[in-house]
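The lines below spell out each chain.
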Amino acid sequence: MTIRGRSAVQVAAASVVLAAAVATAVVLWPTPAAPTHEQISEQIKASAQAQLDASVEAGRYARANLRATAKTPDDESCRAAWDNLLDSERKGLQYGTWLQACAEPATP
């Protein structure tokens, strides 16, 4: 039996060689390196620091707004300002850090 002028043995041999080449390529293909524990740790630290920085910045902004409306930025007025924030505005902020930045003057 022939397929386009080639014998069935030649076609089978070519199929086996092609399958072996594909299998070798799949096995030897480089995979992306997984992040190390150090890299993950640094990402976690950076995320936590960004959350703290955002909380301080938002608290200072609230303090400036209270002063602009002729209110004293004390604990009570800052708590009221926090309660007036939308849930979307509170997301990612830490209450204690925000409150401290709002109620206390900024340190250089």
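This text gives an overview of the structure that appears in the document. (Residues numbered from 1 in each chain as written. Predicted model: local features only at pLDDT ≥ 70, side-chain atom pairs only at ≥ 80, totals over all residues. Heavy atoms only, no water.)

**Observations concerning the nonpolar core**
Core analysis: the biggest nonpolar cluster contains nine residues, these being Ala-62, Leu-66, Cys-78, Trp-82, Leu-93, Trp-98, Leu-99, Cys-102 and Ala-103. Secondary-structure elements contributing two or more residues to this core are helix 2 (37-68), helix 3 (75-84) and helix 5 (95-103). When residues of this core are assigned to their parent elements, the largest contribution, four residues, is made by helix 5. If sequence neighbours within four positions are ignored, Ala-103 has contacts with Arg-63, Pro-73, Asp-74, Asp-75 and Cys-78. (Core = buried A, V, L, I, M, F, W, Y, C linked by side-chain atoms within 4.5 Å. Buried < 20%, exposed > 50% of the residue type's maximum accessible area, 1.4 Å probe, protein only. Helix = DSSP H or I, 4+ residues; strand = E, 2+ residues; numbered from the N terminus. Contact = heavy atoms within 4.5 Å.)

**Description of the packing of helix 2 against helix 5**
Interhelical geometry of helix 2 versus helix 5 gives an angle of 35 degrees and a closest axis separation of 7 Å. The chirality of how helix 2 crosses helix 5 is right-handed. Taken together, the residues of helix 5 that come into contact with helix 2 (itself represented by Leu-52, Ser-55, Val-56, Ala-58, Gly-59, Arg-60, Ala-62, Arg-63 and Leu-66) are Thr-97, Trp-98, Ala-101, Cys-102 and Ala-103. (Axes fitted to C-alpha atoms, helices over the stretch in contact; angles between N-to-C directions. Left-handed = near helix turned anticlockwise from the far one by under 90°.)

**A short note on the pattern of salt bridges**
All told, the structure shown has one salt bridge when counted by the stated rule. Across the pair Glu-42 and Lys-45 runs a salt bridge whose closest N-O atoms are separated by 3.9 Å. Of this pair, Glu-42 and Lys-45 both sit in helix 2, three residues apart, which is roughly one turn of that helix. (Salt bridge = Lys/Arg side-chain N within 4 Å of Asp/Glu carboxyl O.)

**Some words on the packing of aromatic side chains**
Tallied over the full model, the rule gives two aromatic pairs. Aromatic ring contacts, followed pair by pair, group Trp-82, Tyr-95 and Trp-98 into a single cluster. (Phe/Tyr/Trp six-rings, centres within 6.5 Å; stacked < 30°, edge-to-face > 60°.)

**Structural notes on unusual backbone geometry**
The backbone of Ala-70 sits at a positive phi, close to 65 degrees, despite the residue not being glycine. Structurally, Ala-70 is set in the loop between helix 2 and helix 3. A relative accessible area of 73% places Ala-70 in the exposed class.

**Some thoughts on the packing of helix 3 against helix 5**
At a minimum axis separation of 9 Å, helix 3 and helix 5 run at an interaxial angle of 130 degrees. Here helix 5 runs oblique to helix 3, going by the angle between their axes. Crossing angle aside, the handedness with which helix 3 passes helix 5 is right-handed. In this structure, helix 3 uses Asp-75, Cys-78, Arg-79, Ala-81 and Trp-82 to contact helix 5, whose residues at the interface are Tyr-95, Trp-98, Leu-99, Cys-102 and Ala-103. For the contact of helix 3 with helix 5, the class distribution of residues is eight nonpolar, no polar and two charged. (Parallel < 35°, antiparallel > 145°, perpendicular 65-115°, else oblique. Nonpolar A, V, L, I, M, F, W, Y, C, P; charged D, E, K, R; others polar.)

Without other data, these values stay purely geometric and don't point to any function.
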